[in-house]
Every structure is written in C-alpha cells, then in structure tokens.
Amino acid sequence: MIETDAERYGRSAGPTPPPLHVSTVEIADPGPLEALLPRDGALAWVRRGDGMVAWGEVDRYKPTSISDAEEWWSGLSRDVVVSAELADAPVGAGLVAFGSFVFDPDSAGRSALVVPRTVVGRRDGRAWLTRISAGPETAPGPVPTPTEPPRAPTGLRWSEGALSPPAWQHAVGQAVRRIGTGALDKVVLARDVVATADDEIDPRWLVARLADRYASCWTYLVDGLVGATPEMLVRREGGLVTSRVLAGTIRRSAAGGADLQLGAALARSSKDLEEHEYAVASVARALAPFCSGIHVPDAPYVLELPNVLHLATDVTAVARPGASALGLAAALHPSAAVCGTPTDVARALIPALEHLDRERYAGPVGWVDGRGDGEWAIALRCGQVEETDPRRIRLFAGCGIVAGSDPEAELAESVAKLLPMREALGGAVGPPPP
Ligand SMILES: C=C(O[C@@H]1C=C(C(=O)O)C=C[C@H]1O)C(=O)O
C-alpha cells in the first residue's frame, strides 16, 4: 500500500495537524492535460482543453455532508503555508481539493474531498504546476511529462442494472400516475446498466475520449467516478456565481439536418418548458439566501451536445461574503434537475420507484480552492468503476418525469444519455446495452 503524506506526517491523526505547504510555479504549455495522468489516484477536471489534472494524496476527508466538507476545508485552507504562488493567479492555481458527493446523504460514506500532491492546470493560455505537501518541500520536483497512454477496454459485455428496461418503464408510469394525484409535480428517475471488460478498466481512457468528444462538457474523474457532464450546479469565481440549469431533453437525429427543427420543437414543448421551469425555480430559490443580484433569463436556450439537445438556463448572481462554492453547492443540492418538485416528496419517491443506489451519480462533483472559489457540477453522463471488481463499470442515466411523460420516450431518452459513456468505452458499435 502506498504511504500518503497524510500518514507520513500524521495529518489525520492528531487534533491539530501540521499545516500544508503549497507551491505553484508557471510552466510551459504541457500539452493535453489528461495525457499526464498516472494510472493510480488520477483526478481530472477538464473542459475545452483547460482545467486541472492531479494525482497523489496529501489528505482525504470523508464528509458526512457537503456543509461538513466546507467546514473541514475552510479550516485546512486557513492554515496553509504558501511558499510560491503565481502573480495574478488564475482561479484554481494554488491549493485545491477535488471532491464528489453522494446523491443521497444517507449513504454519505462514499463522499470524499481529496487534496492531491501534484496538480497541473491550464487556463486562458497560462499553465501551472502546484505541489502540495504535509511538510516543507526540499525541491520543486520535475515538471510532469506524458505517461504511457491508457489502453481501451476489450471484450465488453453489457448487463442489466437494478431494473430491466420494461420494469423501469413501469416505474415511470407509476411516477406519472403519482404526479396525476397532485402529490408532486416532477420526479427524476434514473436507471443503470453495467459493462464488464476482460481486464481492469482504465478510467484515463474514458477521460481522454470524453474530453475529446464532449469538449463543451466538464469531464471529471474522482475516485473512479468518470463522466462528462453538461450541467454546472454552481461555479464561484471571486464574487460571481453561475449555475447552468438543464431540464427538458430531446435526442438528436442520426441525420444532423433535422436538428434545427428538433431544437425549435424542444423550445416550444410545453412538457419540457414546464419541467425546465421547475428546475430553474429550485435553483433561484436555493441561491436567494446566499446571493444578491440573481439574474434569471426570461427563456431558456437550446444547448446542443453530440447526443442530445437540452433546454438550458444560465443563472447568474453575486455571492454574499462567506458564501463559498462548497456552501452554495450544499444549498443547491439536490436541484429539481436530478430530484424533483417538491424536493422532499420527490426524494422519498425516488428510491421506492428506482430500486437503485445512485451512489455519487447525480451528486455534486468538482473542486474547490483555498479562497472558496470552485466549480461543482452535477455528476451526470457518468459511470463508476467498481472498487471490488474494476473490470466492471456501472453507467447511470435519469430523466425528469412530469405529468405529460411517456414511459417509452423516457426510456429512449435514457439510452441517449448513456451514449457518451458507451462511446467512450468503445462500445458504440456492437450490441446495445439493455
Ligand atoms: C438526470 C439526468 O439529466 C438531467 C435530466 C434532464 C431531463 O430530464 O431533461 C436533463 C438534464 C439533466 O438535468 C441524467 O443525465 O442522468
């Protein structure tokens, strides 16, 4: 077993662990970030070539909630010793932690904040290398170079997850009936499928493929949870807060020419507009106590991805002092985009109908820096490489169910949402998943 800095210096052991030491230097453009990742302990957050990759583990915290994580992180970052930093540093250059949280706080054991030892980042033409250690560094160490490329999984076999497709369609029907009674307005139901390869699946392969094909999404890897999400729960940069809300989806046609009409139909669909409105309202309501100047555009736009079109709204606001990215994520999760409306009713109904442990799917995933800035997206379009059998990966996809939802159309939508991961695994050609 690899000894972590935390063990060597006993950070997690004592009541007042020694402060972390952080040094950041500017480096020449390192090329594709994901190519630098080692096999073990790889962490990634990339979008359009920018972002951060990291590895090594200086500290790890297993929070009981997002607020608990915020408290731990603000204590840790207050005490750091910064030995070198960039002038006019881009957001993310310096002390950072990567993290991901479970959807359902009752299974909080699998949430984590990880403080990496080495971070390479790039933003707006500037690249940097950050080293974090539990004791003073004696030498800055070499600039990381590309590692041996990961290999594609082979021999993929697909199997059903918690529910078969007909059973999941039945659950959607039950949800529509429940909505018809007036008990709730919207509930998001997810399903899973499992892919098994001949050998251990290397998540770096998936990161590289997702980052390439879904460049406008945020491609992430934290503790074997890998995906490319189009939905930003909350980003805080300085005082500015943004949240990209998605809800209302249409599959893209095989013949790209029809997409203009599809987009126009989506923007007019009362079922999708209604579903979208619930999601936007839940975000605006949750931000209100922590922000001022909340701006909600009058109408959504159509966000185009290679597999689907979404109705999207970018909500902006100004953070009140003390409202960190993690604190805002705590207030926003779970939004109606992944849970439903009203939240409590939907939350109780989800496990009863899904029969699925969502684990960290649909929970916040992202990073936070020492000033409390950061980005927390919703872990969608993802898979979890199984810890006990890394030849297996469980993929998740969910759909917002409202009064007008049709079970067959929702199943087709879930298949479209599984496509990014399926393609990344190399399984887009061949027998489809169930
Ligand atoms: C739940 C997922 O996606 C969410 C549900 C959407 C919908 O139902 O239209 C759209 C985007 C996401 O907010 C998923 O991808 O698994």
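Small disclaimer: the values here were computed from a predicted structure and weren't measured.

Another aspect to go through is the overall build of the protein. In terms of regular secondary structure, the protein is built from nine helices and 23 strands. For 434 residues, the compact-globule estimate of 2.2 N^0.38 gives 22 Å, and the C-alpha radius of gyration of the protein, at 21 Å, lies within 12% of that figure. If you line up the protein on its principal axes, its C-alpha atoms span 65 × 50 × 40 Å. Counting over 434 residues, the protein shows a buried share of 51%. In the protein, once contacts between residues fewer than 6 apart in sequence are set aside, the share between residues at least 24 apart is 76%.

For the rest of this paragraph, the subject is helix H8 (residues 343–354). Every α-helix carries 3.6 residues per turn, so stepping three or four residues along brings you back to the same face. When the terminal C-alpha atoms of H8 are compared, their 16 Å separation across 12 residues agrees well with the 16 Å that a helix rising 1.5 Å per residue should span. Three or more residues of H8 are buried, namely Ala346, Leu349, Ile350, Leu353 and Glu354. Buried residues along H8 cover an arc of 120° about the axis, so they all sit on one side. Across from the buried face of H8, at angles greater than 90 degrees, the exposed residues are Asp344, Ala348 and Ala352. Elements that come into contact with the buried residues of H8 comprise helix H3 (165–180), strand S11 (186–196) and strand S19 (340–341). Just downstream of H8, histidine 355 is the residue with a positive phi angle, here 55°.

What follows deals with the nonpolar core. In terms of nonpolar packing, the biggest core is built from 134 residues, with Leu43, Ala44, Leu189 and Ala329 touching the most fellow members. No other element matches the seven residues that strand S18 (residues 308–319) contributes to this core. Summarising the domain contributions, this core has at least three residues from each of domain 1 (5–133) and domain 2 (157–425).

Right, let's talk about the packing of H3 against H8 for a bit. Between two packed helices, both the angle of their axes relative to each other and the distance between the axes serve to describe the pair. The geometry of H3 relative to H8 is characterised by a closest axis approach of 10 Å and an angle of 150° between their N-to-C directions. By the angle between their axes, H3 is roughly antiparallel relative to H8. Crossing handedness for the pair H3 and H8: right-handed. Facing H3, whose interface residues are Ala171, Gln174, Ala175 and Arg178, H8 presents Leu349, Leu353 and Glu354. Classifying every residue of the contact of H3 with H8 gives four nonpolar, one polar and two charged.

Moving on, we come to the site of the ligand. The full set close to the ligand counts 17 residues, and Leu246, Thr249, Ala337, Gly398 and Gly400 are the nearest of them. Every element with two or more residues in the shell around the ligand is listed here: S11, strand S15 (240–251) and strand S23 (392–401). Looking at the shell around the ligand residue by residue, the classes come out as nine nonpolar, five polar and three charged.

This brings us to the environment of leucine 129. Mapped onto the elements, leucine 129 comes out in strand S9 (residues 126–133). Aside from chain neighbours lying at most four places away, what touches leucine 129 is Val25, Ile27, Val120 and Val143.

As a further point, take the domain arrangement of the protein. Structurally, the protein comprises domain 1 (5–133) and domain 2 (157–425). Centre-to-centre, using C-alpha coordinates, domain 1 lies 25 Å away from domain 2. Between domain 1 and domain 2, the contact holds 34 residues from the first and 40 residues from the second. Of all the secondary-structure elements, those providing two or more residues to the side of domain 1 that touches domain 2 are strand S2 (43–47), helix H2 (66–78) and strand S6 (96–100).

Turning to the confidence of the model for the protein, a few remarks are in order. Per-residue confidence for the protein averages 92 on the pLDDT scale, and 93% of its residues sit at or above 70. Taken over the whole predicted complex, pTM reads 0.95, whereas the ipTM for its chain interfaces reads 0.99.

Procedures and definitions
Residues numbered from 1 in each chain as written. Predicted model: local features only at pLDDT ≥ 70, side-chain atom pairs only at ≥ 80, totals over all residues. Helix = DSSP H or I, 4+ residues; strand = E, 2+ residues; numbered from the N terminus. Rg over C-alpha atoms; globule rule 2.2 N^0.38 Å. Buried ≥ 20, exposed ≤ 12 C-beta atoms within 10 Å, placed from the backbone. Contact = placed C-beta atoms within 7 Å. Expected span 1.5 Å × (residues − 1). Arc of directions from axis to C-beta. Core = buried A, V, L, I, M, F, W, Y, C linked by C-beta atoms within 7 Å. Domains from an automatic or database assignment. Axes fitted to C-alpha atoms, helices over the stretch in contact; angles between N-to-C directions. Parallel < 35°, antiparallel > 145°, perpendicular 65-115°, else oblique. Left-handed = near helix turned anticlockwise from the far one by under 90°. Nonpolar A, V, L, I, M, F, W, Y, C, P; charged D, E, K, R; others polar. Near = placed C-beta within 6 Å. pLDDT = per-residue confidence, 0-100.

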